[in-house]
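So you can see what is in the structure, the chains are spelled out below.
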Amino acid sequence: MSDAAQFYTNRVLKDYKEKDANHVQWVKQWLQVLSELQAYVKQHHTTGVTWNSSKKSMQFDASKIVLGSAPSGGCAPPPPPPVMSLEELLADDSKSKSSTNKANTDALFAELSKGSDITKSLKKVTDDQKTHKNPNLRAGNTVPSGTNSLTNSSSSLQSKSTTVIQKPPVFELADKKWKIENQLNRNDLVIEDTDLKQTVYIYQCKECTITVKGKINSIIVDSCNRVGLLFDDVLSTVEFINSKSVQMQVLGKVPTVSIEKTDGCQVYLSRNSLNSEIVTSKSSSMNVLIPNENDDEFSEYPVPEQFKTIINSSRKLTTQPTESV
């Protein structure tokens, strides 16, 4: 029992160990109570709880109580009243319930026995108080918006749930990592001083255009909406994660473009990036735009979202993209 209780008391100790000493003291005393209860059961109830097998009710024996010495000049206090048996308690309870039920039943039948006279206490509604005969009452019988507590509480809860706390925007270089976070409606975000050891992390930006000049190690676009990315060269990977309606354009080279959990992604490649690898996962509405020989127009190609898997003759799986299955 104590081992099972420690599963919950450990949580209390974890939350209040350095906050409130009363909780810690309560946990110690509670575990001590369980330990003493376990010792008591082992000593007095080794084969289970012992019940009174005889049909005699256990009566309180006042003679076995050792009373303390009475104060000087006074007498000993009177003994406590005798303890009622379980049968007596149940009998008294049933008597009280039966008397209450009988009184309620008698009052109900007394009202029903009045017959048509039972409606004499009702107030008569005149024609000027009836809504179907008085159009003015229907026009003015509107419930004020402040009286509907359920509607107000639900609307307040909905407004609280939809309220998004806007964090302060960030545009900084921390060590070797460029951080662009919480930017809104910005088209002038430009990173110029770059080298091969630096990375760019773009997080929770909306309706922004970001330009990265020079050659950089990698770029990550995370949880962004309607963001455009323009860069020269990337050494390893450009990643799009949990984003919507994003697009990128490379002017130089990029080995790999990764798209994960993104809805709507346009990838504009350059002539030097035609050997790039595009890895997609759980994404939709993806298109790759490849320039023509004169670099003046792009040809758009959709990235497959639907695949068909079959078992070949060697009992292995073969998967191929398909427009429709």
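Preceding this paragraph is the structure being described.
About the thresholds
Residues numbered from 1 in each chain as written. Predicted model: local features only at pLDDT ≥ 70, side-chain atom pairs only at ≥ 80, totals over all residues. Heavy atoms only, no water. Patch = residues over 30% accessible without salt bridge, like charges linked within 9 Å, V, L, I, M, F, W, Y side chains within 5 Å. Areas by Shrake-Rupley, 256 points an atom, 1.4 Å probe, with all protein chains shown as cover. Salt bridge = Lys/Arg side-chain N within 4 Å of Asp/Glu carboxyl O. Helix = DSSP H or I, 4+ residues; strand = E, 2+ residues; numbered from the N terminus. Pairing = 2+ DSSP bridges. Axes fitted to C-alpha atoms, helices over the stretch in contact; angles between N-to-C directions. Core = buried A, V, L, I, M, F, W, Y, C linked by side-chain atoms within 4.5 Å. Buried < 20%, exposed > 50% of the residue type's maximum accessible area, 1.4 Å probe, protein only. Contact = heavy atoms within 4.5 Å. Disulfide = S-S within 2.5 Å. Expected span 1.5 Å × (residues − 1). Polar contact = N/O pair within 3.5 Å; in protein donor to acceptor, adjacent residues only side chain to side chain.

### Focus on a nonpolar patch on the surface
Consideration 1: On the surface, Trp26, Trp30 and Val33 cluster together into a nonpolar patch covering about 310 Å² of accessible area.
Consideration 2: Residue position: Trp26 is located in helix α2 (residues 21-44).

### Things to note about the sheet that holds strand β11 (residues 263-268)
Consideration 1: If you trace the seven strands from one edge of the open sheet to the other, you get β3-β5-β7-β9-β11-β13-β14, paired in mixed fashion. Here the strands that pair on one side only, and so sit at the sheet edges, are β3 (189-191) and β14 (298-302). With strand direction ignored, the average angle separating the axes of adjacent strands in the sheet is 15 degrees.
Consideration 2: Alignment of β3 against strand β5 (residues 206-216), held across three bridges, turns out to be parallel.

### A look at the nonpolar core
Consideration 1: The biggest cluster of nonpolar side chains holds 32 residues, and the ones touching the most others in it are Ile202, Ile219, Leu229 and Phe231.
Consideration 2: Ignoring any residue separated from it by four or fewer positions in sequence, one finds Ile219 in contact with Val200, Ile202, Val212, Leu229, Phe231, Val234, Thr237, Val238 and Glu239.

### Some remarks on the state of the cysteines
Consideration 1: For the coordinates displayed, the defined rule picks out zero disulfides.
Consideration 2: Cys224 provides the cysteine sulfur closest to Cys205, a residue in no disulfide bond, and the two sulfurs are 4.7 Å apart.
Consideration 3: Judged by its relative accessible area of 2%, Cys205 is buried.
Consideration 4: Residue Cys208 stays outside any disulfide, its sulfur separated by 5.1 Å from that of Cys205, the closest cysteine.
Consideration 5: Here Cys208 falls in the buried class, since its relative accessible area comes to 2%.

### Things to note about the side chain of Ser218
Consideration 1: Counting through the fold element by element, Ser218 comes out in strand β6 (residues 218-222).
Consideration 2: According to the relative accessible area criterion, Ser218 is buried, its value standing at 14%.
Consideration 3: Look past the residues within four positions of Ser218 in its chain and what remains in contact with it is Gln198, Thr199, Val200, Val234, Ser236 and Thr237.

### What about α2?
Consideration 1: The end-to-end C-alpha distance of α2, which contains 24 residues, comes to 35 Å, matching closely the 34 Å that a straight helix rising 1.5 Å per residue would cover.
Consideration 2: A side-chain oxygen of the first residue of α2 lies 3.0 Å from the backbone nitrogen of Asn22; this N-cap is Asp20.

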